[in-house]
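Residues per chain, in single letters:
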Amino acid sequence: MSLETGAPQRTSLSVEEARRRILEAISPIPGWERLAIRAALGRVLVEDVIAPCNVPAHDNSAMDGYALCAEYPPIRTGDAVFEVIGSAFAGHGFTGIVKQGQAVRIMTGGVMPAGADSVVMQERVRVDGGRIITSADIRPGQNVRRAGEDLAEGAVAIPRGKLIGPAELGLLASLGLAEVCVARRLRVAFFSTGDELASIGSPLGPGEIYDSNRYTLHGALTRLGCELLDMGAIPDRPEALEVAFRNAAAAADVVLTTGGVSVGEADFIRELMGQLGEVNFWKIDIKPGRPMAFGRIGNAWMFGLPGNPVAVMVTYYQFVMDALLKLSGLAPLPQRPLVPVPCTTPIRKPVGRREYLRGQMYVEDGAWKVRLTTSQGSGVLRSMSEANCFIVLDEERGDVAPGDTVDVQLFDGLV
Ligand code: AMP
Ligand code: MG
């Protein structure tokens, strides 16, 4: 891919085109470490995990009941009688051999004794002293979990590129693996820009606002498992911003800034990115988040996010997060479902740009619906806090009337 230098382009990109350009430009960072599996939670595997053994390791019973050989008696109708010769509980096997006409009491997970091929569940059995009586209609192999049925020795248990979550931790443990190799943490430097920004803990001066963007980003980046370099709030002075950019780019894989990226008098971010490095694009047909610059300085990828707190979150989730995941080695990137639901609030929407509105999915008369949160201003962070989804209106989409179907992207998954 060729990056632009000098004057940035004038045309704005569609959301899809911007995503494509970002994801095409970047590739996973080098570097990995070997970790104890618990410490690998939330990290990305850099090599296939190969099953060192069968799972389950032995043929075992799927039921509480009796293990026996189904081939005997050959009659498939009427009752069959078996002599109970011992027991096989989980962790305590039966060491003898089961012969024709014999059975072994077995519990779920108990290892199948030699000679037995089937399990009759206890509810199907009548006990008569040392014997059991059951229907002769026994299917060979019934109620038995075969060794290697879940995972055969030598097979790929978890492919490289997978994010390690609770299921993967359990799976690794079920294979007896104590350590795995994961990609190193992505280093992300970030700073806010703006002369109006005050730090929490000090009273607000005239015209000042508290810097919230750094806290939002702290939350999002921490959840993603990045190594953070919070560089504070930088005033709207090109010299100060240049120093911050240089320090950030030297220390991190990715640099995120917020504010100062549009075309106002105090907006230096795009110009500086172009001077110190390269700008790939800086305008997207999206609301909120239209000015968002992507490029690089030295070896660091740069995202100049807008200043408005909601626009920060929209551009972070729609562009930055997947870029960070790809840089961290995640492959394939997750498909994020768009769910069609009826919208109960009317929405005015011009054709030509994609909008990400803050929505609340709720149940009414037993059906899922979505409505807008009370305020939709791109500076109103409360709308993100009240929302549980984005309502995504495509470029071609016009106004939405109550009852029309819209696509939503849910915030929460199972974590
Ligand atoms: P800008 O793009 O720098 O003009 O910022 C757009 C709007 O977002 C302005 O109203 C800023 O005051 C606000 N803003 C910028 N940075 C932050 C921040 N770190 N925290 C909260 N609001 C911000
Ligand atoms: Mg500003």
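Along each chain, residues carry numbers from 1 onward, in the same order as the chain's sequence is written. Written order determines the labels here, with chains lettered from A and ligands numbered from 1. Predicted model: local features are reported for residues with pLDDT of at least 70 only, side-chain atom pairs are reported and counted for 80 or more only, and whole-chain, interface and lining totals are derived from all residues. Hydrogens and waters are ignored; side-chain quantities use all the structure's heavy atoms.

A look at the overall build of the chain
(1) Moving on: Of the regular secondary structure elements, the chain holds seven helices and 26 strands.
(2) Moving on: As a reference, a globule follows 2.2 Å times the number of residues to the power 0.38, and the radius of gyration itself is taken over C-alpha atoms. Scaling as 2.2 N^0.38, a compact globule of 415 residues should have a C-alpha radius of gyration of about 22 Å, whereas the chain reaches 30 Å, well beyond that.
(3) Moving on: For the chain, the spread of C-alpha atoms along the principal axes amounts to about 95 × 50 × 45 Å.
(4) Moving on: Remark: exposure states derive from per-residue accessible area (1.4 Å probe, protein chains only) relative to the maximum for the residue type, with buried under 20%, exposed over 50%, and partly exposed in between. The buried share among the 415 residues of the chain stands at 45%.
(5) Moving on: When the accessible surface of the chain is split by element, carbon and sulfur atoms take 53% of a total near 20200 Å².
(6) Moving on: When charges are counted, neither His nor the chain ends are considered; positive counts come from Lys and Arg and negative counts from Asp and Glu. A charged residue contributes its charge at one atom only: NZ of Lys, CZ of Arg, CG of Asp or CD of Glu. Taken together, the 41 basic and 48 acidic charged side chains of the chain have centroids lying 1 Å from each other. In this text, helices come from DSSP runs of H or I with a minimum length of four residues, and strands from runs of E with a minimum of two, each type numbered from the N-terminal end. Residue burial considers only the protein chains on display, and all accessible areas are found by Shrake-Rupley using a 1.4 Å probe.

Notes on the domain arrangement of the chain
(1) Moving on: The start and end points of each domain follow an automatic or database-based domain assignment. As assigned here, the chain comprises domain 1 (15-31 + 185-327), domain 2 (33-52 + 158-183), domain 3 (60-145) and domain 4 (339-409).
(2) Moving on: Here the C-alpha centroids of domain 1 and domain 3 sit 66 Å apart.

Re the sheet that holds strand β6 (residues 102-106)
(1) Moving on: Strand pairing is assigned whenever DSSP detects at least two bridges linking the two strands. The strand order β7-β4-β6-β5-β9-β8 describes an open sheet built from six strands, whose pairing is mixed. At either margin of the open sheet sits one strand with a lone partner, and together these are β7 (118-121) and β8 (125-128). Geometrically, the sheet is characterised by an average inter-axis angle of 40° between neighbouring strands, direction not taken into account. To define axes, lines are fitted to C-alpha atoms, for helices over the stretch in contact only, and angles between the resulting N-to-C directions are given on a 0 to 180 degree scale.

Examining the packing of aromatic side chains
(1) Moving on: Each Phe, Tyr or Trp ring (for Trp, its six-membered ring) is paired with any other whose centre lies within 6.5 Å, and the angle between the two planes then decides the class: stacked below 30 degrees, edge-to-face above 60, tilted in between. In this structure the tally under the stated criterion is seven aromatic pairs.
(2) Moving on: With a centroid separation of 5.8 Å and 80° between ring planes, the pair formed by Tyr356 and Phe390 is classed as edge-to-face. Taken together, the positions of Tyr356 in strand β23 (residues 354-364) and Phe390 in strand β25 (residues 389-393) put the pair 34 residues apart, joining distant regions of the chain.
(3) Moving on: Judged by its relative accessible area of 3%, Tyr356 falls in the buried class.
(4) Moving on: Under the relative-accessibility criterion, Phe390 is labelled buried at 2%.
(5) Moving on: Look at Phe390 and Phe411: their rings are 5.0 Å apart centre to centre, the planes differ by 75°, and that puts the pair in the edge-to-face class. Taken together, the residues span a long stretch of sequence, with Phe390 in strand β25 and Phe411 in the segment after β26 (405-410) at a distance of 21 residues.
(6) Moving on: An aromatic cluster of at least three residues, connected via ring pairs, comprises Phe281, Phe294, Trp301 and Phe303.
(7) Moving on: Here, over-ring charges are defined by two tests on the NZ atom of lysine or the CZ atom of arginine: distance to the ring centre within 6 Å, and angle to the ring normal within 35 degrees. For the cation-ring pair, Arg270 lies above Trp282, with the distance from its terminal atom to the ring centre recorded as 3.6 Å.
(8) Moving on: In this arrangement the basic side chain of Arg371 is found over the ring face of Tyr362, its NZ or CZ atom lying 4.0 Å from the centre.

So, the pattern of salt bridges
(1) Moving on: The working definition used for a salt bridge is a side-chain nitrogen of Lys or Arg within 4 Å of a carboxyl oxygen of Asp or Glu. Under the counting rule described, the total for this entry stands at 21 salt bridges.
(2) Moving on: Note that Glu227 and Arg187 form a salt bridge whose closest N and O atoms lie 4.0 Å from each other. In this pair, Glu227 is assigned in strand β16 (residues 227-234) and Arg187 in strand β13 (residues 187-193), connecting sequence segments 40 residues apart.
(3) Moving on: Of the residues examined, Arg187 reaches a relative accessible area of 33% and is grouped as partly exposed.
(4) Moving on: Among the salt bridges present, the one from Glu395 reaches Arg354, with a minimum N-O distance of 3.5 Å. Note that Glu395 is positioned in the loop between β25 and β26 and Arg354 in strand β23, a separation of 41 residues in sequence.
(5) Moving on: For Glu395, a relative accessible area of 14% corresponds to the buried category.

A word on helix α6 (residues 309-327)
(1) Moving on: The angle separating two fitted axes, one through the seven residues that finish at a residue and one through the seven that start at it, defines the bend at that residue. Approximately 50° is the largest bend angle found in α6, and it occurs at Tyr316.
(2) Moving on: Among the 19 residues that make up α6, 17 are buried, leaving the element largely enclosed by the rest of the structure.
(3) Moving on: Within two residues after α6, Gly329 carries a phi angle of roughly 100°, on the positive side.

Re the pairing of strand β12 (residues 179-183)
Consecutive side chains along a regular strand alternate between the two faces of the sheet.
(1) Moving on: The buried count for β12 comes to four of five residues, which makes it a mostly enclosed element.
(2) Moving on: Two elements, strand β1 (residues 32-36) and β12, share five bridges in a ladder whose sense is antiparallel. Looking at the pairing, Glu33 lines up with Val182 of β12.

Re the side chain of Glu355
(1) Moving on: Among the secondary structure elements, Glu355 is positioned in strand β23.
(2) Moving on: Pairing of N or O atoms within 3.5 Å defines a polar contact, subject to two protein rules: one partner must be a possible hydrogen donor and the other a possible acceptor, and residues neighboring in sequence count only if both atoms are side-chain atoms. In this structure the side chain of Glu355 is engaged in a polar contact, spanning 2.8 Å, whose partner is the side chain of Arg353.
(3) Moving on: With near-sequence residues (within four places) excluded, Glu355 lies in contact with Lys287, Arg348, Lys349, Pro350, Ile391, Val392 and Leu393. The criterion used for residue contact is that any of the two residues' heavy atoms lie within 4.5 Å.

Quick notes on the site of ligand 1
(1) Moving on: Each residue is tested against the molecule or strand, and it is near if at least one of its non-hydrogen atoms lies within 4 Å. The local shell around ligand 1 holds 14 residues, among which Glu196, Asp211, Ser212, Asn213 and Gly260 are the closest.
(2) Moving on: At a separation of 2.8 Å, an oxygen atom of ligand 1 approaches a polar backbone atom of Gly260.
(3) Moving on: Expressed as a share of its isolated accessible area of 480 Å², the protein-covered part of ligand 1 is 75%.
(4) Moving on: Among the secondary structure elements, those contributing two or more residues to the shell around ligand 1 are β13 and β15 (209-210).

Notes on the packing of helix α1 (residues 15-25) against α6
(1) Moving on: Where α1 contacts α6, the axes come no closer than 10 Å and their chain directions differ by 25°. What the angle tells us is that α1 and α6 run roughly parallel. As for how α1 packs across α6, the hand of that crossing is right-handed. Mapping the contact onto sequence places Val15, Ala18, Arg19, Ile22 and Leu23 in α1 and Gln318, Phe319, Asp322, Ala323 and Lys326 in α6.
(2) Moving on: Just so you know the grouping, Ala, Val, Leu, Ile, Met, Phe, Trp, Tyr, Cys and Pro go in nonpolar, Asp, Glu, Lys and Arg go in charged, and all remaining residues, Gly too, go in polar. Tallied by class, residues from the contact of α1 with α6 come to six nonpolar, one polar and three charged. Here roughly perpendicular refers to angles of 65 to 115 degrees, roughly parallel to angles under 35, roughly antiparallel to angles over 145, and oblique to all remaining angles. The handedness criterion is simple: a crossing whose near helix is rotated anticlockwise from the far helix by less than a right angle is left-handed, and one whose near helix is rotated clockwise is right-handed.

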